[in-house]
Each structure stands twice: as C-alpha cells, then as structure tokens.
Amino acid sequence: MKKKFLKLLSFALILIFASSCSVKKYIPEGKKITVKYSFKIADKPNEIKVSDLRTLTKPQPNSRFLGMHPKLYVYFKYKKKGTKFAKWLNERFGEEPVYTTTADLNQINKKLKAYLADIGFFNAVINYIVKSRKFKNEVQYKINSGTPYRISNISYDINDSLIRSFVNSKKGKSLLKKKDVYNAFTMDDERDRITKFLRDVGYYRFSRNYIQFIVDSTNANKTMDVTIKINNIKQATSQPGKFLEKKHKRYFINKVEIKPDYRPLSQQNYDTTQHKIDFWDESKSYNYHFLYADKIKLKPSAFDQAIKIKPGKPYSSESIQKTYNRLFSYRIIRSVNISFDTLNTRKPSADSSFLDCKINMQKNELYSFTIAAEGTNSSGDLGMRGNIILLNNNIFKRAEVLRLAINGGFEAQTISETDGNSGIFNTFEAGVQSSIFFPRFFSPVRLRSFNQRYNPTSNISFGFNYQLRPNYSRNISRASIGYSWNNSVKIKQILTPVNINFVKVNPTPEFEKILEEETNKRLKEQYSDHMILGLNYSIIFSNQETTGLKNFEYFRANIETSGNLLYGLNSLFGSSKSPEGYYELVGVRYSQYVRADFDFRQYYMMKNRKSSLATRIYVGLGLPYLNSEEIPYERGFYAGGANGMRGWAFRTLGPGSFNGTDQYERIGDIHLEYNLEYRFPIYNFFHGAIFADLGNIWTYNQSETFPNGQFKFNRFYKEIATDLGFGFRFDFQFFIFRIDFAAPIVDPSYPEGERWRFDYLQFKNIVGNFGIGYPF
C-alpha cells in the first residue's frame, strides 16, 4: 500500500514538473509574468507589518509549487477548449497569467504610499526594482518610512450634554492614546467603539457617520492634535442651504411582543398571554406579551434565559444580539426576526422616544429521523455498522431535545482456529442510547440568575450496549447527568456529577481458564464485572478568533474521581467486604481512583497567513486507591496511533522502557507528551505537514506484566520516545481527511545506548495513520 502511494506521488510530481516546463512557450514575446513581490524596509519600524503590505500587491503574483507553475499550465492548456470539463478544470485549478506592467507597479506604489500615510508615515519614500529571469519577474519595493507622526493631545467636541457624559464615562476604554503613532484604522475602530456604546445606551438611530475626527498636524515636531467631534442631527429647512440642528433622541423599549410560532402567510388571530421574567442583575421582573394563534406548543417559560430585551429600559444593540444568539441555540427555532416600531401610543419627549419590540420566531419540525450505515475497519478487521436516530426538538414544550439512538453492527474479527468460532461475521454489537438536552440548568431548585448569567445547558443520558465476541459476551449500562456553561467568550466549564458505567462480562469456559492464569490485573479486570461511579469536571480556555488568522492558545483540564462517596458510606455504616477485601455494590466491586489530564496547545500563524505552527503539551495521571489496585482499563492512558506518537501503532508504545513482544495493548497510569507540527498549503485543497512527537506512558506501581514500565524520576527522561514524520491533509472545507507517515527516531524499548534509531531506519519502520480532522 505504501509503495503504491509513493509511486503515485512520484508520478504526480513528474507530471507537474513536465507540464510546468511547458509554460514558457505560452508566454507572448516581450512579456513576463510576475511571480513574487518582496519588501526591503530601511530601519523597519514595528508599526509596519509586511503581511499588511502584501495585501496591497494586486494583482497577486502567479503561484508556484516547487518553483513551477501548474495552475498557469492548466489555464493555458484548457482556456480555448470549449468543453464543460475544460471549463470546470480551468475554474477549479487554473490561474490567469499576471504580466508585469509599469501601470500595475506604479499603482501598487501609490497604494503602499497611501497605506503608510494612513498609519502615520506621511513622508515615506518608495521605489521599486524588477529582477528578471527567463520569462519571470520578481519585484522588490524599497521603503524608507521616515519619522512617523504621533498624537500629542486628544480632545472632544460634543454639544449634546447627555452624550458627552456617556462618552466621558468610557474614556478609559478609548483606543486612542497620547504619544501613539497616528493610525487612521485605529480611529475607524474608535468610531465603531463609540457608536456601539451609544447604541447600547438607547441611541437607536445613531450611526458612525455622526462622528468626525479633526486632525491638526501643524505642530513643528511631527505631532498632531486630534479632536473627536460628535455632530448633532441636521434637518433641512424650507430655506435652501440652511439646516436646523437637533439633538439625538434616546429610545426606550415600550413593550415586547413575542410570537413563538409566527406564520407569515397565515391570517390568524392571536391570543395574548402575559409572562414575567426575573433578571438576576436587577432583582426585578419585567412583563412580556406572548402571542399564540392556537394551542401553546412552546411555553413562555422556555424563554426565561433567552430574552435579554427589557421593557422600560433603553434600547441596546448588545441585548438584541444576545437574544438572537440564545434563541438560535434552540433546535426547535428555525428563524428569528427582531424588529422595532416607533409608531406607538406613548408620546415622545424632546430628547427621548419609545419603541415597540416584536420578536417573531418560526419553528422547525418537531420530529427528525436519520438512518445511516457505514463500513468499519478496526485494526484490519472489517465490519458494518448502522444507526437509527430519532429527535424530538421540543419534548416538554420548553425547547428540550430528546435524542434516541439505536445502533448495531457486525465485524469479522481475526481469531485463532482453535477458538472454534467461524463465520464471515463472528462478532455482533447492538445498543440503545437516549438523551434529553435542556437549554438551562436542570435542577430541582430554580436557578434563574445562574441560567441568565451563564446560559447553561444540561443533559441526562441512559444507554445500554450488548457485545458478542468469540470469547465472551458483555453488557454495558451507562447513565449520566451533565452540565456545561460559559463564564465568558473564552472560558467554558463542564460538570458531570453523575457518571455511572456498569460492565457485566460473560466469558466462555475456555476463555475463563485463560483469564485465571493471566497475571495482568488490568487486563483481567477488562474481562471481569466492574463498575465506575464517577464525577467529572472540565474547564476549557480558548482565545481563538472567528477569522482564525491570529495566534491563539487552547487549554483544557479534566479531573475525574470514582467511588469516593460509596466508599465513605460503606465505611460509615460498617458494610462487609468481599473475601478479597473490597467493597461491592450489587455484587460487583466498584472502582476508586482519581484521574487528571491537562492539554495545552499553541497555534502560531506564519507571515503569509496560510502556514501555521502548532504545539501541544499533554500531561495525564491516574491513581487507584483503597477499593482499587488498578484504574479501569478504559480509563488508562495510551500512546501511539493517529493523534499522538504517530511513529507507533495504536497502543504499542511503552510503558517506560518495556520491551516485551507480547500482544498486550500498552496501558499506563502516567502520560507525558509533546507535539510539534508545521502545517502548510501545497496546492488548492491539498495541504502538507511536518511533525515531531515526543513522549511515553508509565505505570504508577511496579507491574509484572510490564517490567521497566514504572515511572522513576531518575530515568523517565531517558525513556522519552521520539518520532519524525510528514503528512498530507485534504481540506474539503466541511471535513479534513488526513494521512500521516512517521518513523521512530528514539525508541526506549531498546537498551540504553541503542535507543537512537535514525541510523537503522528502514522502510518497514514507517507507520501510516489515517484520520479525520487535525490531530490537535
């Protein structure tokens, strides 16, 4: 498989090279294409970003791949062919030639000069030189920016005393600061900031056009005075050229009408239901008018934490956006329109007026039904799996969602002939999972203030899964109650106070004898009855922006405990222990442990905004105690596979310097890992990556199954495994398909002094992994 892929890749590269060499014959005599723009900035100031200058070099130069021009070749080859396929090929993969012209270069020069003036460098001098080679040109712009102008003083000219008081109250948040370099873009952002703030305190009709910046640059030492002026409304009079100045009106919400089931094409009479909503930040209730045309299918109380617009309060664009965001999180809601009407019965004053707010919602279908089938490949074992999913988007008439999933599948699992189990599909699995999602904090106690402040969601899940394998059958029962809420845009918390997993295993007599002789306690527990009664907590931080074009960090911490409450109750009431010395529940020993893991990632965007560098540090620790000797098999740590330590196959690395040749999956109690990956575009949706992974797993206690697998401070750093690799990503926007190839460079399973394996690498040592999405 690997050899075929490499041959195909080599053929593609040869084809690209051959085609690109043919581009020259299409270039007209006396013309050359532009392939690169560069910048040489004398004593480069920090305020000038080369990435910003590149956005002004239009038309963009012709793209290159390994020094060649496949897109240009496609354009020349197929532009005159009239077939639909040729047209599609050209639109998808072609690129028009960008010929170097003096007019374009001078135009870019003007844009650069104008841009530099906008960021304070009014006296910049720009020249360009053209470097020619064969049929290509590279253009270099030489920039002498000069000394920038700085802001020496900031003042305000606001006639409206109320607006003046509002603006003064937020001076501390101004984006303009004394001694800063003049920047027209920052001024534009400041104009938007003031506009947004005034629209949040009632100025419904206020726009950014009323804000004017007056700049005086007559000072001698390249400084300027900035005056921020907010103009009144100018109203035309009967006399030509004369205007009457009026103050901006401040608007208040008169009443709020809500139609949860609005039908725009239906002429229906609506009945009005009054409903009060309590707001945590004011300890006050506000009255709302809910309009229903027929039987109530979505109760008014469903909107207690969604509606942020308050009658009697000033108009606020922020409260409107929050209302939109919350309502669109309801699956039962398909569309929302919030409108305002000034034609109401309340008489306005000279300085204020009133708005009637109307919130019209159109509902989704109550039920949705999905059937899906897929092929599976689990370590080479092929199978089929199917899912049936039923959704009720408003099960209790308060926007709660019921999800019922039924799944089943078959797999051809590889077994030895002595097992006596034959057949095309010798394993079977079926299960059912039901969940209810609440758009609020599910609790017997009403937590209105918490619901409004943090917009929490809750879920209750129950599940049952039956598995039939050649050597055993297994029943897995699950139940959980979980909550999630957002402290801010950047921080999210998840709490699962109830997480129950009950596993009942029925091994065959032959397999039971094998388990009796097994010394690996964790493996034996995997095929024995066990129970997890856990509590999970996670906190997530991410400062990624929606554009995805800036550096950002991601951090997630997970803490999980199990069995503590039960053990405390058993100890308190003096419950009897099993003959082995452990407490049990319904005849099954329950697990008791604490498990924590920390995942920290950093993403750095390169100057071209197309390539990036991603890093990850992962630390995990699991400790069993009292009622357990080992943490459950499914809660252990592993290394290797598609998402970490890619130079090793799934669960084949470690623990520590263990070098056994058995077929046990390697599971540990401690996990340390560091990943570094450089991601870059290659061609269209085809992207590449170069990466390195460092890490390993260890056991907390000495293990007979995994000698030398225990974590020791005096040697763990010698047992850090390392791999190097490259990969390809196929970015289809809606999903990313990934292929990674990696080889172990440092292998701790070898004796000390022999762990550096780079000099001994062979093709068979390369491990291939397939995945969906990025590894981190």
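The structure under discussion appears in the preceding block.
What counts, and at which threshold
- Residues numbered from 1 in each chain as written.
- Predicted model: local features only at pLDDT ≥ 70, side-chain atom pairs only at ≥ 80, totals over all residues.
- Heavy atoms only, no water.
- Axes fitted to C-alpha atoms, helices over the stretch in contact; angles between N-to-C directions.
- Helix = DSSP H or I, 4+ residues; strand = E, 2+ residues; numbered from the N terminus.
- Parallel < 35°, antiparallel > 145°, perpendicular 65-115°, else oblique.
- Left-handed = near helix turned anticlockwise from the far one by under 90°.
- Contact = heavy atoms within 4.5 Å.
- Nonpolar A, V, L, I, M, F, W, Y, C, P; charged D, E, K, R; others polar.
- Pairing = 2+ DSSP bridges.
- Salt bridge = Lys/Arg side-chain N within 4 Å of Asp/Glu carboxyl O.
- Buried < 20%, exposed > 50% of the residue type's maximum accessible area, 1.4 Å probe, protein only.

Draft legend 1. Representation of the packing of helix 3 (residues 70–78) against helix 4 (residues 84–93). For the pair helix 3 and helix 4, interaxial distance at closest approach is 9 Å and the crossing angle is 155°. When the interaxial angle is binned, helix 3 and helix 4 end up roughly antiparallel. Between helix 3 and helix 4 lies a crossing of left-handed hand. Residue-level contacts link Lys 71, Val 74, Tyr 75 and Tyr 78 of helix 3 to Ala 86, Leu 89, Asn 90 and Phe 93 of helix 4. Of the residues contributing to the contact of helix 3 with helix 4, the split by class is 6 nonpolar, 1 polar and 1 charged.

Draft legend 2. Molecular detail of the pairing of strand 20 (residues 491–507). When strand 19 (residues 472–486) meets strand 20, the two strands line up antiparallel, connected through 14 bridges. Pairing of Asn 486 across the sheet is with Lys 492, part of strand 20. Once strand 19 ends, the chain turns through 4 residues before running back antiparallel as strand 20. In this sheet, strand 21 (residues 530–542) lies alongside strand 20 in antiparallel orientation, the contact comprising 11 bridges. Across the sheet, the residue bridging to Asn 501 is Ile 532, located in strand 21.

Draft legend 3. A look at the pairing of strand 3 (residues 136–144). Inspection of the sheet shows strand 1 (residues 33–41) paired to strand 3 by 8 bridges, in the parallel sense. Directly across from Ser 38, in strand 3, lies its bridge partner Gln 140. As defined by bridge partners, strand 2 (residues 125–133) adjoins strand 3 across 9 bridges and the pair is classed as antiparallel. The residue of strand 3 that forms the bridge with Ser 132 is Asn 137. Linking strand 2 to strand 3, which pair antiparallel, is a turn of 2 residues; within it Lys 134 sits at a positive phi near 55°.

Draft legend 4. Local environment of the environment of Phe 734. Mapped onto the fold, Phe 734 is located in the loop between strand 29 (721–731) and strand 30 (736–746). Along the primary structure Phe 734 and Phe 770 are separated by 36 residues, whereas in three dimensions their C-alpha atoms are 17 Å apart.

Draft legend 5. Region of interest: the pattern of salt bridges. Applying the stated criterion to the full structure yields 27 salt bridges. Taking the shortest distance from any N to any O, the salt bridge between Arg 385 and Glu 429 comes out at 3.8 Å. Of the two residues, Arg 385 sits in strand 15 (residues 381–392) while Glu 429 sits in strand 17 (residues 427–438), which places them 44 residues apart along the sequence. Under the relative-accessibility criterion, Glu 429 is labelled buried at 14%. The closest approach of N and O atoms between Arg 646 and Asp 693, which form a salt bridge, is 3.0 Å. Residue Arg 646 is found in the loop between strand 26 (612–624) and strand 27 (670–683), and its partner Asp 693 is found in strand 28 (residues 686–698); the two are separated by 47 residues along the sequence. The pair formed by Arg 646 and Asp 693 is uniform in burial state, with each residue classed as buried. Each of the salt bridges in this network shares a partner with another, and the network as a whole consists of Arg 646, Glu 677, Arg 679, Asp 693, Arg 729, Arg 738 and Asp 740.

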